[in-house]
Amino acid sequence: MKGVSGTLHRLDQFRVASRDITRGTAVGGAFTTLAYALLAILLVAEIRSFLIADYATELVMDDPETTTSLSFDIEMHDLPCKHTKVALFNKFQTEKISQENNRGIVYTKVDHDGMQGQSYTAEEIATLEAQDVATDWTKQEAVELDSDWSSTSDAFKHNDFHHAITFHEFTFVNFYADWCGHCKVFHPTWKDMSSRLSEKMPFTTAQGQTFTIKFMKINCVDFKDVCMSAKINAFPGLRLYKRDGTFEAFQERRDPAKIMDFLTDRVRKSSTMSTRHHWIFSE
């Protein structure tokens, strides 16, 4: 055995230096410290991943005949429970799984704070809508959207007519031309009604909510393309736009009483605007 051991020692290509002829170095110590630090980090990461739950979006069953129970919560803001349905489909979305497997589905209303059992109040909705309007546009943009389109040489850019007529719940627009005699005759009436009613007088919708109407005029000489796109064929043209971009044209005699009746009637027959997402919280 001693001879075999000696032979193996002579064949060794991985000879070990004796500890008494080695010495420690600063570089070696730095690498050792780094190695210990990495090991500690890996240990902490492993323990953390073990203790903290992870989310999975796929579940694969080894045995297709096996059934399992799945429990999950889904919060769908801006969508009342009465408009929500849950359905299960196979992986390829070609076959709907039997509703018998959908046992235990519970619909619970929550408000914007996550509290269960209640929807937004009218006051909360109004507050959220006001916050939306305040944050959707900068102060300068809001001033521009509120301005009349009287001239291309004024201080405003007038880039988007659609944004201007959908900035408010209701916008009453006067399409006019400088050369139009009827427009000049109608101008005092428009000026008086605009000063008294625009964003001042409340009008009531079919749902009992109150809104003001923004009065706005557009010069179809300076903004010819906009008026052509809106298919304005006669001046002055009066239209009541809603926030969703739809409108109704005023086609009666242009006196204050007729215009007032038109505005009151059209707003009263209008449904609540739904383009502002918070409205649908109200059930």
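This structure is a prediction, so every number in the text was calculated from the model and none was measured.

**Some remarks on helix α2 (residues 26-51)**
- Along its 26 residues, α2 runs 38 Å from first to last C-alpha, staying within 8% of the 38 Å computed at 1.5 Å per residue.
- Counted residue by residue, α2 has 0 buried out of 26 residues, so it is predominantly exposed.

**Points about the packing of helix α6 (residues 181-197) against helix α8 (residues 256-268)**
- Look at α6 against α8: their axes get within 11 Å of each other, and the N-to-C directions meet at 45°. Taken together, the axis directions place α6 and α8 in an arrangement best described as oblique. Crossing handedness for the pair α6 and α8: right-handed. The segment α6 lies against α8, with Phe186, Thr189, Met193 and Leu197 engaging Pro256, Ile259 and Met260.

**Comments concerning the confidence of the model for the protein**
- Summarising the model, the protein shows a mean pLDDT of 77, and 60% of its residues fall at 70 or more.
- Counting contacts from residues 273-283, a segment whose pLDDT is below 50, to residues more than four positions away or on other chains yields 40 contacts.

**Observations regarding the pattern of salt bridges**
- Applying the stated rule across the entire model yields 9 salt bridges.
- The partner of glutamate 252 in a salt bridge is lysine 258, with the nearest N and O atoms 3.8 Å apart.
- The class for glutamate 252 is partly exposed, based on a relative accessible area of 42%.
- Between arginine 253 and aspartate 255 there is a salt bridge, with the nearest N and O atoms lying 3.0 Å from each other.

**So, the packing of aromatic side chains**
- Under the defined criterion, the tally for this structure stands at 13 aromatic pairs.
- With a centroid separation of 5.3 Å and an interplanar angle of 75°, the aromatic rings of phenylalanine 172 and phenylalanine 215 are classed as edge-to-face. Here the residue phenylalanine 172 occupies a position in strand β1 (residues 170-176), and phenylalanine 215 occupies one in strand β4 (residues 214-219), the gap between them amounting to 43 residues.
- Judged by relative accessible area, which is 3%, phenylalanine 215 ranks as buried.

**Comments concerning the side chain of serine 270**
- Assignment of secondary structure puts serine 270 in the segment after α8.
- Contact partners of serine 270, with chain neighbours within four places excluded, come to Phe170, Thr205, Ala206 and Lys242.

**Notes on the nonpolar core**
- In this structure, Phe172, Ile213, Phe215, Leu238, Leu240, Ile259 and Leu263 are the most contacted members of the largest nonpolar core, which totals 18 residues.
- Elements that contribute at least two residues to this core include exactly β1, α6, β5 (237-242) and α8.
- If you tally residues by element for this core, the top one is α8, at 5 residues.
- Apart from residues lying up to four places away in sequence, phenylalanine 215 is in contact with Asp148, Phe172, Trp190, Met193, Ser194, Leu197, Ser198 and Leu263.
- Core analysis: the second largest hydrophobic core is formed by 14 residues, Trp149, Phe161, Phe223 and Ile232 among them.

**Brief notes about α6**
- Under the 1.5 Å per step criterion, the end-to-end length of α6 is 24 Å for 17 residues, consistent within 8% with the ideal 24 Å.
- Of all the bends found along α6, the most pronounced is centred on histidine 187 and spans about 40°, while proline 188, a proline, follows it within four residues.
- For α6, the elements touching its buried residues are β1, β4, β5 and α8.
- Positioned one or two residues after α6, glutamate 199 has a phi angle of 60°, which is positive.

**Some words on the sheet that holds strand β6 (residues 247-250)**
- Taken in spatial order, the 4 strands make up an open sheet running β4-β1-β5-β6, and their pairing is mixed. Unpaired on one side and paired on the other, β4 and β6 mark the two borders of the sheet. Each adjacent strand pair in this sheet contributes to an overall mean axis angle of 25°, direction not counted.
- Here β5 runs beside β6; their pairing, made up of 4 bridges, is antiparallel. The residue bridging leucine 238 from the neighbouring strand is phenylalanine 250, located in β6.
- Lying over the sheet, α6 contacts β1, β4 and β5, oriented at roughly 150° with respect to β4.

**Overview of the environment of aspartate 244**
- By the element assignment, aspartate 244 lies in the loop between β5 and β6.
- The class of aspartate 244 is partly exposed, set by a relative accessible area of 40%.
- In sequence terms aspartate 244 and phenylalanine 170 are 74 residues apart; their C-alpha atoms lie 9.4 Å from each other.
- In this structure the side chain of aspartate 244 is engaged in a polar contact, spanning 2.7 Å, whose partner is the side chain of threonine 246.

Cut-offs used in this document
- Residues numbered from 1 in each chain as written.
- Predicted model: local features only at pLDDT ≥ 70, side-chain atom pairs only at ≥ 80, totals over all residues.
- Heavy atoms only, no water.
- Helix = DSSP H or I, 4+ residues; strand = E, 2+ residues; numbered from the N terminus.
- Expected span 1.5 Å × (residues − 1).
- Buried < 20%, exposed > 50% of the residue type's maximum accessible area, 1.4 Å probe, protein only.
- Axes fitted to C-alpha atoms, helices over the stretch in contact; angles between N-to-C directions.
- Parallel < 35°, antiparallel > 145°, perpendicular 65-115°, else oblique.
- Left-handed = near helix turned anticlockwise from the far one by under 90°.
- Contact = heavy atoms within 4.5 Å.
- pLDDT = per-residue confidence, 0-100.
- Salt bridge = Lys/Arg side-chain N within 4 Å of Asp/Glu carboxyl O.
- Phe/Tyr/Trp six-rings, centres within 6.5 Å; stacked < 30°, edge-to-face > 60°.
- Core = buried A, V, L, I, M, F, W, Y, C linked by side-chain atoms within 4.5 Å.
- Bend = angle between axes of the 7 residues up to and from the residue.
- Pairing = 2+ DSSP bridges.
- Polar contact = N/O pair within 3.5 Å; in protein donor to acceptor, adjacent residues only side chain to side chain.

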